[in-house]
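# Structure at a glance
Take a look at the letters that make up each chain.
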Amino acid sequence: MDVYGLVGNPVGHSLSPAMHEAAYDALGVDARYVSFEPDRGDLAAAVAGARALGIEGINVTIPFKEEVLELDGIIPDDSAQQIGAANTLDLSGETVTAHNTDATGARRALIESGVTLQDATVTVVGAGGAGRAITVSLVRAGANVRVVNRTLDRAERLAEEAGERVSAYPLSDVPSLLGDSDVLVNATSVGMETESSPVPAEAVHGELTVFDAVYRPLQTRLLRDAQAAGAKTIDGARMLLYQGAAAFEIWTGHAAPVDEMERTLYDRL
Ligand code: NAP
């Protein structure tokens, strides 16, 4: 039996174990997916321990996604390197490779809903971990990204690092930026378990595709405002689903059974 896992703190509410085990069941893969909650400061020991125990792969989540790239012997792929964070480690080889499947997941969520990213104009609100992953991933797919953040210098740093297709703006510029945007992404935590939105309802228009990375609740205030304006919407569980599918594929080499993973995920949200 192969063992995969999640390393984070806290991990108690994670949907990843159920989603991955649904995938193993669907394909008859003999594997289990277990959550681990090391203390802050114990990440290196946790990864070394996972390797020593023969665990094949781990997802890494808050607060370890950046720190994991600083560990000895971790080789990031290009995207994880550029983002400066990883959420998926392949422990099966001589070396440990690190990937950022949040980035892949966000991109696939948009593409599967019919968005053409090449030359699209995308406004991303948020320049934290999710904002960085989404911005880098969309630029790699050919989009032009305006990054908006409450703390402007964080957005400016991201724009500097992510290349000439990215520019930085303060939060107050969102209404004017949305006028000619094709896609709006919420990559802040605003709306998570609250009735708040990072964007004024009147700024959202029907020509937009609105993607909210927040998935608790599934229907955020932003997504409801977007539906009321006639915009196409994508909820945060799509990103969660496709990041999990990408990790499954890296680890097992099988195409992920996305329908079963999706059913398991949405049943629990
Ligand atoms: P993070 O690194 O802590 O970044 C938080 C972001 O939210 C920053 O840009 C921060 O702005 C902004 N923010 C927080 N409170 C704000 C407020 N009151 N007004 C305006 N902006 C505010 O967190 P993260 O890891 O990027 O996660 C962000 C969200 O994405 C969370 O809800 C998380 O659950 C979600 N997420 C979803 C997935 C998925 O698979 N669907 C994956 C990863 C993350 P400042 O820089 O100014 O503080």
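Reading guide: rules and limits
Residues numbered from 1 in each chain as written. Predicted model: local features only at pLDDT ≥ 70, side-chain atom pairs only at ≥ 80, totals over all residues. Heavy atoms only, no water. Axes fitted to C-alpha atoms, helices over the stretch in contact; angles between N-to-C directions. Helix = DSSP H or I, 4+ residues; strand = E, 2+ residues; numbered from the N terminus. Parallel < 35°, antiparallel > 145°, perpendicular 65-115°, else oblique. Left-handed = near helix turned anticlockwise from the far one by under 90°. Contact = heavy atoms within 4.5 Å. Nonpolar A, V, L, I, M, F, W, Y, C, P; charged D, E, K, R; others polar. Pairing = 2+ DSSP bridges. Near = heavy atom within 4 Å. Polar contact = N/O pair within 3.5 Å; in protein donor to acceptor, adjacent residues only side chain to side chain. Areas by Shrake-Rupley, 256 points an atom, 1.4 Å probe, with all protein chains shown as cover. Phe/Tyr/Trp six-rings, centres within 6.5 Å; stacked < 30°, edge-to-face > 60°. Buried < 20%, exposed > 50% of the residue type's maximum accessible area, 1.4 Å probe, protein only.

### Topic: the packing of helix 4 (residues 101–112) against helix 5 (residues 129–140)
The N-to-C vectors of helix 4 and helix 5 enclose an angle of 60 degrees; their axes lie 8 Å apart at closest approach. Relative to helix 5, the element helix 4 is oriented oblique. As for how helix 4 packs across helix 5, the hand of that crossing is right-handed. Facing Asp102, Ala103, Ala106, Arg107 and Leu110 of helix 4, the residues of helix 5 in contact are Ala133, Ile134, Ser137 and Leu138. Taken together, the residues of the contact of helix 4 with helix 5 break down into 6 nonpolar, 1 polar and 2 charged.

### Examining the sheet that holds strand 11 (residues 209–212)
Strand order in the open sheet made by the 6 strands is 9-8-7-10-11-12, with parallel pairing throughout. Of all the strands in the sheet, the pair left with one neighbour each is strand 9 (166–170) and strand 12 (232–234). Strand-to-strand twist across the sheet, computed as the mean angle between neighbouring axes with direction ignored, equals 20 degrees. Where strand 10 (residues 183–186) lies against strand 11, 4 bridges are found, and the strand directions are parallel. From the neighbouring strand, valine 185 faces strand 11, where its bridge partner is phenylalanine 211.

### Overview of the site of the ligand
Around the ligand, a shell composed of 21 residues is seen, among which Ala130, Asn149, Thr151, Arg154 and Gly236 lie nearest. Measuring from an oxygen atom of the ligand, one finds a backbone N or O atom of alanine 127 at 3.1 Å. Here an oxygen atom of the ligand and a backbone polar atom of serine 189 are 3.4 Å apart. In the complex, the protein chains occlude 77% of the 920 Å² of accessible area that the ligand would expose alone. Sorting the residues of the shell around the ligand by element identifies helix 5 and helix 9 (236–252) as the ones contributing at least two each. When residues of the shell around the ligand are assigned to their parent elements, the largest contribution, 3 residues, is made by helix 9.

### Structural notes on the packing of aromatic side chains
One pass over the full model with this rule turns up 4 aromatic pairs. With 5.0 Å between their ring centres and 20 degrees between their planes, tyrosine 4 and tryptophan 251 make a pair best called stacked. Pair noted here: tyrosine 4 is in strand 1 (residues 2–7) and tryptophan 251 is in helix 9, with a separation of 247 residues, a long-range link. Across the pair, exposure class does not vary: tyrosine 4 and tryptophan 251 are buried alike. Three or more aromatic residues link up through ring pairs in this structure, and these residues are Tyr4, Tyr24, Tyr33, Phe248 and Trp251.

### Side note on unusual backbone geometry
Along the chain, asparagine 9 connects to proline 10 via a cis peptide bond; the corresponding omega equals 10 degrees. Assignment of secondary structure puts proline 10 in the loop between strand 1 and helix 1 (16–27). Residue arginine 216 is joined to proline 217 through a cis peptide bond whose omega torsion reads 5 degrees. When you line up the elements, proline 217 lands in the loop between strand 11 and helix 8 (221–228). A positive phi angle, close to 65 degrees, is found at aspartate 119, a residue other than glycine. You can see aspartate 119 is positioned in the loop between helix 4 and strand 7 (121–125). Using a relative accessible area of 49% as the deciding quantity, one classes aspartate 119 as partly exposed.

### What to know about the sheet that holds strand 4 (residues 74–76)
If you trace the 6 strands from one edge of the open sheet to the other, you get 2-1-3-5-6-4, paired in mixed fashion. Looking at strand neighbours, the two that pair on one side only are strand 2 (31–36) and strand 4, the edges of this open sheet. Ignoring strand direction, the axes of neighbouring strands in this sheet form an average angle of 25 degrees. Two elements, strand 1 and strand 2, share 6 bridges in a ladder whose sense is parallel. Within strand 2, the position partnered with leucine 6 by the bridge is serine 35. Across the face of the sheet, helix 1 comes into contact with strand 1, strand 2 and strand 3 (57–60) while running at roughly 175 degrees to strand 2. With respect to the sheet, helix 9 is in contact with strand 1, strand 2, strand 3, strand 5 (88–90) and strand 6 (96–99), its orientation differing from that of strand 5 by roughly 5 degrees.

### Points about the packing of helix 1 against helix 10 (residues 258–267)
In the contact formed by helix 1 and helix 10, the axes pass within 8 Å of each other and the chain directions differ by 145 degrees. As helix 1 runs across helix 10, the sense of the crossing is right-handed. Note on element contacts: helix 10 touches helix 1 through Glu260, Met261, Thr264 and Leu265, opposite Ala18, Met19, Ala22, Ala23 and Ala26. Of the residues that constitute the contact of helix 1 with helix 10, the class distribution is 7 nonpolar, 1 polar and 1 charged.

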